[in-house]
Amino acid sequence: MTEERRRAIWAIYVWCRRTDELVDGPNASHITPQALDRWERRLEDLFAGRPYDMLDAALSDTITKFPIDIQPFKDMIDGMRTDLKKARYKNFDELYMYCYYVAGTVGLMSVPVMGIAPESKATAESVYGAALALGLANQLTNILRDVGEDARRGRIYLPQDELAEAGLSDEDIFKGVVTEKWRKFMKRQIKRARMFFEEAEQGVTELRKESRWPVWASMLLYRQILDEIEANDYNNFTKRAYVGKAKKVLALPVAYGKSLLLPYSLRNNQT
Ligand SMILES: CC(C)=CCC/C(C)=C/CC/C(C)=C/CC/C(C)=C/[C@@H]1[C@@H](COP(=O)(O)OP(=O)(O)O)[C@]1(C)CC/C=C(\C)CC/C=C(\C)CCC=C(C)C
Ligand SMILES: Nc1ncnc2c1ncn2[C@@H]1O[C@H](COP(=O)(O)OP(=O)(O)OP(=O)(O)O)[C@@H](O)[C@H]1O
Ligand SMILES: [Mn+2]
């Protein structure tokens, strides 16, 4: 990425990380909805050019350089409000909405900075749709990676109806034993997460050339967490699936190669 875009993504990342740490970090246990309301007012101030501290100021500077809307940031805070009070998800529709708020929003924040390639023939909404899909794919992967960790905090981010269909209950999750039922359930969840990664792929080719490599790299790295869960024989209760350094390094040239692909909308097999 260009220096200016890199700094912009860092500013967005820092704001997202601080937002996530509010409900996920060391002092998460005594975060109240009022604290999130205060955080939202700080967001409105920094968007109005009145940043609270240096890190907020970085985002204030970023929004003067790129056409970034405040809505995805407000939506992420809403996602954190949900996270404070909701510990079960009835079905995939409910889980989808949660993933939109905490992670799909990151995609929407990032596209104005990445920029859409001038030569792209894709519609803006199709590129934003792909960014949304990447955020969803990342969050679904994150959920599958952290089943044990989240259960120990009393949270289950898996669709209750699909667990019941697979003959599984919350108790099975708290017990944390890998059974055939669990493997079958996890295969279905991993398949769906991969579907969202595939949906995002076309959109990455429509971004500005200099923005594609980091997005491909990020996608390939995160997506490999799913392979690691399979390699761990679906034991995401006591083993944290992660991509080892060697595989991460190997993903970089592969991502670079993908960043040279012609934008999907310019391929002659397009109807
Ligand atoms: C190049 C690139 C990927 C730029 C985006 C970087 C960025 C702004 C990331 C912010 C991520 C973040 C901290 C979000 C806060 C909420 C949260 C924690 C989301 C979860 C991320 C991973 O967190 P972690 O693994 O640390 O989880 P724990 O806190 O440890 O539980 C998420 C899983 C989602 C992150 C979502 C993305 C990175 C989406 C990126 C999408 C794009 C850059 C869109 C690209 C455009 C197209 C057209 C595909
Ligand atoms: N491509 C990515 N996009 C967004 N977040 C990512 C990506 N890759 C890793 N992360 C997040 O960054 C954090 C560090 O990732 P990493 O895989 O290095 O963690 P780890 O489990 O400690 O593995 P390692 O031992 O390789 O450091 C994790 O919370 C992970 O979810
Ligand atoms: Mn987190």
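Definitions and limits used
Residues numbered from 1 in each chain as written. Chains lettered and ligands numbered in written order. Predicted model: local features only at pLDDT ≥ 70, side-chain atom pairs only at ≥ 80, totals over all residues. Helix = DSSP H or I, 4+ residues; strand = E, 2+ residues; numbered from the N terminus. Rg over C-alpha atoms; globule rule 2.2 N^0.38 Å. Buried ≥ 20, exposed ≤ 12 C-beta atoms within 10 Å, placed from the backbone. Contact = placed C-beta atoms within 7 Å. Domains from an automatic or database assignment. Nonpolar A, V, L, I, M, F, W, Y, C, P; charged D, E, K, R; others polar. Near = placed C-beta within 6 Å. Axes fitted to C-alpha atoms, helices over the stretch in contact; angles between N-to-C directions. Parallel < 35°, antiparallel > 145°, perpendicular 65-115°, else oblique. Left-handed = near helix turned anticlockwise from the far one by under 90°. Core = buried A, V, L, I, M, F, W, Y, C linked by C-beta atoms within 7 Å.

This part is about the overall build of the protein. Within the protein, the secondary structure is distributed over 12 helices and zero strands. Moving toward the C terminus, one meets the helices and strands of the protein in the order α-α-α-α-α-α-α-α-α-α-α-α. A compact globule built from 271 residues would reach a C-alpha radius of gyration of about 18 Å, and the protein, at 19 Å, matches this within 12%. A buried classification covers 34% of the 271 residues belonging to the protein. In the protein, 74% of the contacts between residues at least 6 apart in sequence involve partners at least 24 apart.

Split into domains, the protein comes out as domain 1 (1-76) and domain 2 (86-266). Across the boundary between the two partners, domain 1 contributes 14 residues, which contact 12 residues of domain 2. Mapped onto the side of domain 1 that touches domain 2, the elements with two or more residues apiece are helix H1 (3-24) and helix H4 (71-85). Element by element, the count of residues in the side of domain 1 that touches domain 2 is highest for H1, at five residues. Taken together, the residues of the side of domain 1 that touches domain 2 sort by class into 11 nonpolar, one polar and two charged.

What follows is about the site of ligand 1. The environment of ligand 1 is formed by 30 residues, the closest being Cys-16, Ala-103, Ser-110, Gly-203 and Ser-218. Among the elements that make up the shell around ligand 1, the one with the highest residue count is helix H6 (residues 124-145) (eight residues).

Lining the immediate environment of ligand 2, one finds Asn-138, Ser-218, Leu-221, Tyr-222, Arg-240, Tyr-242, Val-243 and Lys-245. Here the shell around ligand 2 gets three residues from one element, more than from any other, and that element is helix H11 (residues 209-231). Within the shell around ligand 2, the residues separate by chemical class into four nonpolar, two polar and two charged.

It is worth spelling out the packing of H11 against helix H12 (residues 245-259) at this point. For any two helices packed against each other, one specifies the inter-axial angle together with the distance between the axes. Where H11 contacts H12, the two axes come as close as 8 Å, and the packing angle between them is 135 degrees. Put simply, H11 runs oblique to H12. In this structure, the crossing between H11 and H12 has a hand that is right-handed. Side by side, H11 and H12 meet where Arg-212, Trp-213, Trp-216, Ala-217, Leu-220, Leu-221 and Gln-224 of the first sit next to Lys-247, Lys-248, Ala-251, Leu-252, Val-254, Ala-255, Tyr-256, Lys-258 and Ser-259 of the second. When grouped by side-chain class, the residues that make up the contact of H11 with H12 number 10 nonpolar, two polar and four charged.

Further remarks concern unusual backbone geometry. Unlike most non-glycine residues, Asp-233 shows phi in positive territory, near 55 degrees. Residue placement: Asp-233 occurs in the loop between H11 and H12. With a phi angle near 65 degrees, Tyr-234 is a residue other than glycine that sits in the positive phi range. Checked against the element boundaries, Tyr-234 lands in the loop between H11 and H12.

A few words now on the nonpolar core. Ranked by size, the top nonpolar core spans 64 residues in total, and within it Leu-136, Ala-137 and Ala-200 carry the most contacts. Looking at this core, the elements that each hand over two or more residues are H1, helix H2 (33-47), H4, helix H5 (92-114), H6, helix H10 (180-204), H11 and H12. Take this core: its biggest share by element is 12 residues, from H5. Taken together, domain 1 (1-76) and domain 2 (86-266) each give at least three residues to this core, which thus spans both. With residues up to four places along the chain from it excluded, the contact list for Ala-137 reads Ala-193, Phe-196, Phe-197 and Ala-200.

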